[in-house]
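Here's the letter readout for the chains.
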Amino acid sequence: QVQLVESGGGLVQPGGSLRLSCAASGSIFSINVMGWYRQAPGKQRELVAAQASGGSTNYADSVKGRFTISRDNAKNTVYLQMNSLKPEDTAVYYCNLEVDVIAGPGGDYWGQGTQVSVSS
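Residues numbered from 1 in each chain as written. Predicted model: local features only at pLDDT ≥ 70, side-chain atom pairs only at ≥ 80, totals over all residues. Heavy atoms only, no water.

Q: Any chance you could explain the state of the cysteines here in plain terms?
A: Among covalent bonds in proteins, the disulfide is the one between the sulfur atoms of two cysteines. In the structure shown here, the tally under the stated rule is one disulfide. Paired by a disulfide, C22 and C95 hold their sulfur atoms 1.9 Å apart. Note on the C22 and C95 pair: the S-S dihedral is about 50 degrees, so by sign convention the disulfide is right-handed. One end of the pair, C22, is in strand β3 (residues 18-25); the other, C95, is in strand β9 (residues 91-101), with 73 residues separating them in the sequence. (Disulfide = S-S within 2.5 Å. Helix = DSSP H or I, 4+ residues; strand = E, 2+ residues; numbered from the N terminus.)

Q: Explain the nonpolar core here, please?
A: In summary, soluble globular proteins display a tendency toward joint burial of nonpolar side chains. Grouped together as the largest cluster of nonpolar side chains are 31 residues, with contacts concentrated most on W36, L80, M82 and Y93. Put simply, the parts of the chain that give this core at least two residues each are β3, β4 (28-39), β5 (46-52), β7 (67-72), β8 (77-82), β9 and β11 (114-118). If you tally residues by element for this core, the top one is β9, at six residues. Once you skip the residues sitting within four places of it in the chain, L80 turns out to touch L18, R19, L20, W36, V48, A49, F67, T68, I69 and Y93. (Core = buried A, V, L, I, M, F, W, Y, C linked by side-chain atoms within 4.5 Å. Buried < 20%, exposed > 50% of the residue type's maximum accessible area, 1.4 Å probe, protein only. Contact = heavy atoms within 4.5 Å.)

Below, the structure written as C-alpha cells:
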C-alpha cells in the first residue's frame, strides 16, 4: 500500500549539487529506517546514507561530508542533499523506507530510481 516517488535527479557538472526527494504515499504510521542507495552500471547496489528513527546516521565513506540525509515527517518525504558531486557519483539512486502502516503489516519499500549524472 506504500508507494515511493523519487525526483530531483539530473545532469550536473563536477562540483555541483542536487537534492533528491522521495515522497511516500499510503497509510504510514511511522518511518523506522530511511536510506538512499545507488547503483552504477556493472556494479552492485550500495548504501549511500541511512537514518534510523532515533536520528542515528550512516554514510558511505565515499560520500561522507558531502551528502546529507534528512526527512520531513509531516510530508512523509525523505531527502538526500548532494554537494561537491563527482563523476564517480553517477548512478541510479533509490530511496528505501522501512515503515509501519496504520492497518496491516509494515514493510520495506523502494522508489523507482532517479538518474544522477555528473559530467563535465
